[in-house]
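Now for the letters of each chain:
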Amino acid sequence: MRVLIVEDEPLLADAIRDGLRLEAIAADIAGDGDTALELLSVNPYDIAVLDRDIPGPSGDEIATRIVASGSGMPILMLTAADRLDDKASGFELGADDYLTKPFELRELVLRLRALDRRRGHTRPPVLEIAGLRLDPFRREVYRDGRYVALTRKQFAVLEVLVAAEGGVVSAEELLERAWDENADPFTNAVRITVSALRKRLGEPWIIATVAGVGYRIDTASGSGPGALAGADRG
């Protein structure tokens, strides 16, 4: 999951981002409305967490633009105002949830997970391909019926690859989808994570490297119900 945190208090924003990372939630920070709109225009986010009172375009205006875009991106309003009228106006703008400061990080995580589950109702709850079975909501992976224990980052990378249904995913896209914007584009993190993931999934290797392009699930390596026929080996 990748979220955008729009919050103009730097210490709070950094604390939220660091806490979410421990929960395998990648988070980018925007300290003002203009930066938020810029990030929304170039990055794919699953959820937006908006402080209503920020410099530049307000959180309310950003929420209005998100709704008008038709993206269906869930919005969680984050504010110090706890009056019912304030909450009502936020929901009228299109907010899906509301969290009043101060709050516990754990509560934010639970609300983000709940919003992501609701968003996921339009997608198959379980992804299957080439003998792999990945449940994004239970965060479980099985290969040919065998449970595979993965780290949070390994799971995030595998989820992107499985969702591509055998298509090639570049290292840059994996870095964008499974890490946050502060990830070093020249790092070996993707290669190292994919290598460790291969070992966890076991032989025969199911993640193929397409030289100079990226990675994909090698559908010829598995014969599960979700396997796709006729794919070339990478």
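- As recorded by an unreviewed UniProt entry, the chain carries the name DNA-binding response regulator and is attributed to Jiangella rhizosphaerae.

1. Here we look at the packing of helix H1 (residues 10-21) against helix H5 (residues 105-119)
- It is at 10 Å that the axes of H1 and H5 come closest, and there the two elements cross at 60 degrees. Of the possible angle classes, the one that applies to H1 and H5 is oblique. In terms of crossing hand, the pair formed by H1 and H5 is right-handed. Residue-level contacts link Ile16, Gly19 and Leu20 of H1 to Leu105, Leu108, Val109 and Leu112 of H5.
- For the contact of H1 with H5, the per-class residue count stands at 6 nonpolar, 1 polar and no charged.

2. Remarks on the sheet that holds strand E8 (residues 140-143)
- The antiparallel open sheet is built from 4 strands, whose spatial order is E6-E7-E8-E9. Looking along the sheet, the strands with just one partner apiece sit at the ends: strand E6 (127-129) and strand E9 (146-147).
- Of the strand pairs in this sheet, strand E7 (residues 132-135) and E8 are connected by 4 bridges, and their pairing is antiparallel. Residue arginine 133 lies in a different strand from E8, and its bridge partner there is tyrosine 142.

3. Points about the pattern of salt bridges
- Applying the stated criterion to the full structure yields 13 salt bridges.
- Between arginine 52 and aspartate 60 there is a salt bridge, and its shortest N-O distance comes to 2.7 Å.
- For aspartate 60, a relative accessible area of 22% translates into the label partly exposed.
- Here arginine 65 makes a salt bridge to glutamate 61, at a shortest N to O gap of 2.8 Å. With arginine 65 and glutamate 61 both in helix H3 (residues 59-69) and 4 residues apart, the pair spans about one turn of that helix.
- Look at glutamate 61 and you get partly exposed, because its relative accessible area is 34%.
- Residues participating in the shared-partner salt-bridge network are Glu7, Glu9, Asp51 and Lys101.

4. As for H1
- Relative to the 16 Å expected for 12 residues at 1.5 Å per residue, H1 spans 16 Å between its end C-alpha atoms, a close match to the ideal helical length.
- Along its buried surface, H1 packs onto strand E1 (2-6), strand E2 (26-30), strand E4 (75-79) and H5.

5. A short note on the pairing of E2
- In terms of burial, E2 is largely enclosed, as 5 of its 5 residues are buried.
- Neither face of E2 is left uncovered, since the one carrying Ala26, Asp28 and Ala30 and the one carrying Ala27 and Ile29 both have all their residues buried.
- In this sheet, E2 lies alongside E1 in parallel orientation, the contact comprising 5 bridges. When the bridges of E2 are listed, arginine 2 appears paired with alanine 26.
- With respect to chirality, the unit in which E1 leads through H1 into the neighbouring parallel E2 is right-handed.

6. Points about the packing of aromatic side chains
- Summed over all chains, the structure comprises 2 aromatic pairs.
- Aromatic side chains phenylalanine 91 and tyrosine 98 sit 6.0 Å apart centroid to centroid with 50 degrees between the ring planes, which places their arrangement in the tilted category.
- Aromatic side chains tyrosine 142 and tyrosine 147 sit 5.5 Å apart centroid to centroid with 65 degrees between the ring planes, which places their arrangement in the edge-to-face category.

7. Let's talk about unusual backbone geometry
- Here the bond from lysine 101 into proline 102 is cis, since omega is -10 degrees, no more than 30 degrees from zero.
- The residue proline 102 is located in the loop between strand E5 (97-100) and H5 in this model.
- Not every positive phi belongs to a glycine, and glutamate 165 is a case in point at roughly 55 degrees.
- Mapped onto the fold, glutamate 165 is located in the loop between helix H6 (152-163) and helix H7 (171-178).
- Since its relative accessible area comes to 58%, glutamate 165 is described here as exposed.

What counts, and where the lines are drawn
- Residues numbered from 1 in each chain as written.
- Predicted model: local features only at pLDDT ≥ 70, side-chain atom pairs only at ≥ 80, totals over all residues.
- Heavy atoms only, no water.
- Axes fitted to C-alpha atoms, helices over the stretch in contact; angles between N-to-C directions.
- Helix = DSSP H or I, 4+ residues; strand = E, 2+ residues; numbered from the N terminus.
- Parallel < 35°, antiparallel > 145°, perpendicular 65-115°, else oblique.
- Left-handed = near helix turned anticlockwise from the far one by under 90°.
- Contact = heavy atoms within 4.5 Å.
- Nonpolar A, V, L, I, M, F, W, Y, C, P; charged D, E, K, R; others polar.
- Pairing = 2+ DSSP bridges.
- Salt bridge = Lys/Arg side-chain N within 4 Å of Asp/Glu carboxyl O.
- Buried < 20%, exposed > 50% of the residue type's maximum accessible area, 1.4 Å probe, protein only.
- Expected span 1.5 Å × (residues − 1).
- Right-handed = clockwise from strand over helix to strand, strands pointing away.
- Phe/Tyr/Trp six-rings, centres within 6.5 Å; stacked < 30°, edge-to-face > 60°.

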